[in-house]
2 protein chains.
Amino acid sequence: MQEKEISQAVIRRMPRYYRYLGELLDDGVERISSNDLSRTMRVTASQIRQDLNNFGGFGQQGYGYNVKYLHDEIGKILGLNQRHNIIVIGAGNLGQAITNYVKFEQLGFVIIGLFDINPALEGKTVRGIRIHMMDDLPEFCARNQVDIAALTLPKEKADASAHYLVELGIHAIWNFAHVDLDLIDQDVVVENVHLSDSLMQLSYNIVKNRFEKEHS
Amino acid sequence: MQEKEISQAVIRRMPRYYRYLGELLDDGVERISSNDLSRTMRVTASQIRQDLNNFGGFGQQGYGYNVKYLHDEIGKILGLNQRHNIIVIGAGNLGQAITNYVKFEQLGFVIIGLFDINPALEGKTVRGIRIHMMDDLPEFCARNQVDIAALTLPKEKADASAHYLVELGIHAIWNFAHVDLDLIDQDVVVENVHLSDSLMQLSYNIVKNRFEKEHS
DNA sequence: GTCAATGTGTCAAAAATTTAACAACCTCGT
DNA sequence: ACGAGGTTGTTAAATTTTTGACACATTGAC
């Protein structure tokens with residue numbers, strides 16, 4: 001499938017292509033050129049062609065790209081042609097919010113259970129999905145195929161939980177706790193969503209923007 | 001304050017430095033060298049020094065960096081020395097989850113109101129913070145200083161809301177809707193949190209990881 | 001069927017980012 | 001007060017990423 005290493009910079013852009021192509025598809029657009037796409041996406045056409053060519057030649061000279069075909073192919077590249085079962089560790093507000101986000105399911109990401117240590121939550125459900133106690137985790141993982149664990153718990157507990165999950169055979173973690181999990185050398189893929197980092201970036205740009213306005 | 005343009009690559013790393021320095025501070029560490037920090041953060045010492053030097057010389061030869069001082073300075077760079085009032089547009093699960101996330105307040109980001117169009121939510125509160133109807137937005141913005149609007153609503157409504165917010169004088173948007181807001185040329189700073197993009201990246205890396213295991 | 005227009009894949013150049021190297025300087029033990 | 005050891009700020013090299021350019025394939029009008 002993959003041959004040479006593809007830079008994460010490219011990978012970061014792929015979901016965005018997928019999104020735009022999905023919209024074109026919904027709009028009934030059949031074909032598109034890198035040039036037209038570059039205008040709507042506000043990136044260079046060269047970058048689009050370069051990015052796509054990392055994975056193969058999906059276009060045709062003189063024609064462009066077939067929207068449906070390209071959309072499907074990028075979907076395959078991103079693994080969206082297969083189902084991913086998710087468990088959510090930490091059934092607090094964020095965990096529940098994610099569980100309620102139906103859109104993920106359309107992409108093949110299906111939440112099959114939530115876990116928490118708070119006994120008050122035991123047996124309750126979110127969108128029909130049950131909240132279990134952490135003690136039940138080993139059995140649950142043995143009985144169900146769990147592809148991804150979403151970590152939505154306080155940072156103090158995140159690292160220990162992550163190690164525990166890896167022990168139970170989980171190979172992918174979607175980490176919302178604002179720590180960097182110390183899982184080097186472990187056979188596990190981690191994707192971080194650091195909301196406070198994001199806010200701080202925004203804050204930096206706010207201050208910068210104000211400054212530039214004052215001095216121009 | 002800022003002189004030459006600093007690349008967003010650097011800015012993306014600053015919150016992470018801030019986080020690690022905060023932890024060192026909590027641990028009572030007084031000073032640290034770029035070398036020691038590089039080991040814990042798993043980046044090169046050279047990058048740390050280079051990054052920090054974009055903003056000035058915070059260290060001292062033969063000594064290293066004073067943790068508290070550096071933490072404070074990075075905080076200032078990121079604008080964490082001032083308060084940022086946030087309104088949340090869309091009081092659904094995600095909006096409420098964010099509102100409940102107390103940690104932001106410690107960083108100076110204070111949520112002062114939620115807005116929705118669902119009449120059933122009118123007057124309810126989340127962590128003591130009131131949910132208003134969208135109709136009240138103009139008056140609310142006139143009476144309160146609103147620095148950031150967090151957009152936690154369906155993508156169909158995101159773009160129109162964003163334009164409306166800009167009209168009302170808001171200059172910063174924290175966008176959770178998975179569309180790219182079309183706000184070029186507007187005097188507004190946008191920070192995106194595209195959760196599904198993040199999930200797709202994770203998915204890509206899962207597939208890649210599996211593939212590499214099978215072929216090694 | 002021909003040909004201008006279109007548009008990809010790819011190679012090369014340019015720009016940006018990261019890493020390495022080191023001179024200058026500070027610390028701290030003696 | 002001195003000097004060995006340590007550490008920054010900074011310059012230069014290496015690497016990565018992005019952009020530009022164009023040969024060549026395909027389309028679609030006539």
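A short tour of the structure in this document, coming up. (Residues numbered from 1 in each chain as written. Chains lettered and ligands numbered in written order. Predicted model: local features only at pLDDT ≥ 70, side-chain atom pairs only at ≥ 80, totals over all residues. Heavy atoms only, no water.)

This paragraph deals with the overall build of chain A. For chain A, the helix and strand inventory stands at nine helices and ten strands. C-alpha extents for chain A along the principal axes are approximately 60 × 50 × 35 Å. Taking as baseline every contact in chain A between residues at least 6 positions apart, the subset at least 24 positions apart corresponds to 55%. In the structure as shown, chain A presents an accessible area of about 10400 Å², 46% of it carried by carbon and sulfur atoms. With 22 positive and 28 negative side-chain charges, chain A shows a separation of 9 Å between the mean positions of the two kinds. (Helix = DSSP H or I, 4+ residues; strand = E, 2+ residues; numbered from the N terminus. Contact = heavy atoms within 4.5 Å. Areas by Shrake-Rupley, 256 points an atom, 1.4 Å probe, with all protein chains shown as cover. Lys, Arg positive; Asp, Glu negative; His and termini not counted. Charge placed at Lys NZ, Arg CZ, Asp CG, Glu CD.)

The next thing to look at is the packing of aromatic side chains. All names here are of chain A. The tally for this structure, following the rule as stated, stands at ten aromatic pairs over all chains. For the pair Phe58 and Tyr69, a centre-to-centre distance of 6.2 Å together with 70° between the ring planes defines the contact as edge-to-face. Note that Phe58 is positioned in the loop between helix 3 (45-53) and strand 2 (59-60) and Tyr69 in helix 4 (residues 67-77), a separation of eleven residues in sequence. Relative accessible area serves as the criterion here: at 12%, Phe58 is assigned to the buried category. Taken together, Tyr101, Phe104, Trp174 and Phe176 form an aromatic cluster joined through their ring pairs. Above the plane of the ring of Tyr63 lies Arg31, whose end atom (NZ or CZ) is 4.4 Å from the centre. (Phe/Tyr/Trp six-rings, centres within 6.5 Å; stacked < 30°, edge-to-face > 60°. Buried < 20%, exposed > 50% of the residue type's maximum accessible area, 1.4 Å probe, protein only. Lys NZ or Arg CZ within 6 Å of the ring centre and 35° of its normal.)

Let us now look at the packing of helix 1 (residues 8-26) of chain B against helix 4 (residues 67-77) of chain B. All names here are of chain B. It is at 9 Å that the axes of helix 1 and helix 4 come closest, and there the two elements cross at 145°. When the axes of helix 1 and helix 4 are compared, the crossing they make is left-handed. The segment helix 1 lies against helix 4, with Met14, Tyr17, Tyr18, Leu21, Gly22, Leu24 and Leu25 engaging Val67, Lys68, Leu70, His71, Ile74, Gly75 and Ile77. Classifying every residue of the contact of helix 1 with helix 4 by side-chain character gives ten nonpolar, three polar and one charged. (Axes fitted to C-alpha atoms, helices over the stretch in contact; angles between N-to-C directions. Left-handed = near helix turned anticlockwise from the far one by under 90°. Nonpolar A, V, L, I, M, F, W, Y, C, P; charged D, E, K, R; others polar.)

Surrounding DNA strand C, one finds 26 residues, the nearest of these being Ser34 and Gln61 of chain A together with Arg13, Ser46 and Gln50 of chain B. In DNA strand C, atoms within 4 Å of the protein come 60% from sugar and phosphate. Separating a phosphate oxygen of DNA strand C from a backbone N or O atom of Phe58 of chain A is a distance of 3.2 Å. Elements with a contribution of two residues or more to the surface near DNA strand C: helix 3, strand 2 and strand 3 (64-66) of chain A together with helix 3 (45-53) of chain B. Per element, the largest residue contribution to the surface near DNA strand C is four residues, and it comes from helix 3 of chain B. Considering only residue class, the surface near DNA strand C consists of four nonpolar, 18 polar and four charged. (Near = heavy atom within 4 Å. Polar contact = N/O pair within 3.5 Å; in protein donor to acceptor, adjacent residues only side chain to side chain.)

Between chain B and chain A, the residue contacts involve 69 residues of the former and 69 residues of the latter. A buried area of about 6600 Å², summed over both sides, lies between chain B and chain A, and 59% of it is on carbon and sulfur atoms. Remark: the boundary between chain B and chain A carries 14 salt bridges. Between Asp147 of chain B and Arg210 of chain A there is a salt bridge whose closest N-O contact spans 3.6 Å. Residue assignment for the side of chain B that touches chain A shows that the elements contributing at least two residues are helix 1, strand 4 (84-89), helix 5 (93-100), helix 6 (103-106), strand 9 (172-175), strand 10 (189-192) and helix 9 (195-214) of chain B. With 19 residues, helix 9 of chain B is the largest single contributor of residues to the side of chain B that touches chain A. Residues of the side of chain B that touches chain A, tallied by class, amount to 35 nonpolar, 16 polar and 18 charged. (Buried area = accessible area lost by both parts, 1.4 Å probe. Salt bridge = Lys/Arg side-chain N within 4 Å of Asp/Glu carboxyl O.)

Turning next to the packing of helix 5 (residues 93-100) of chain A against helix 5 of chain B. Between helix 5 of chain A and helix 5 of chain B, the shortest axis-to-axis distance is 8 Å and the interhelical angle comes to 165°. Judged by the inter-axis angle, helix 5 of chain A sits roughly antiparallel to helix 5 of chain B. Judged by the sense of rotation from one axis to the other, the crossing of helix 5 of chain A with helix 5 of chain B is left-handed. Every residue of helix 5 of chain B that contacts helix 5 of chain A at Asn93, Leu94, Ala97 and Asn100 of chain A is listed here: Asn93, Leu94, Ala97 and Asn100 of chain B. Residues that form the contact of helix 5 of chain A with helix 5 of chain B fall into these classes: four nonpolar, four polar and no charged. (Parallel < 35°, antiparallel > 145°, perpendicular 65-115°, else oblique.)

The next subject is the protein's contact with DNA strand D. Not every one of the 24 residues close to DNA strand D is listed here, only the nearest: Arg13, Ser46 and Gln50 of chain A together with Ser34 and Tyr65 of chain B. Sugar plus phosphate: this is where 59% of the atoms of DNA strand D within 4 Å of the protein reside. Contact between DNA strand D and Ser46 of chain A: a base nitrogen at 2.8 Å from a side-chain N or O atom of the residue. The contact in question runs from a phosphate oxygen of DNA strand D to an N or O atom on the backbone of Gly59 of chain B, over 2.9 Å. Looking at the surface near DNA strand D, the elements with two or more residues in it are helix 3 of chain A together with helix 3, strand 2 (59-60) and strand 3 (64-66) of chain B. Counting residues per element, the surface near DNA strand D draws most heavily on helix 3 of chain A, at four residues. Per-class residue counts for the surface near DNA strand D are three nonpolar, 17 polar and four charged.

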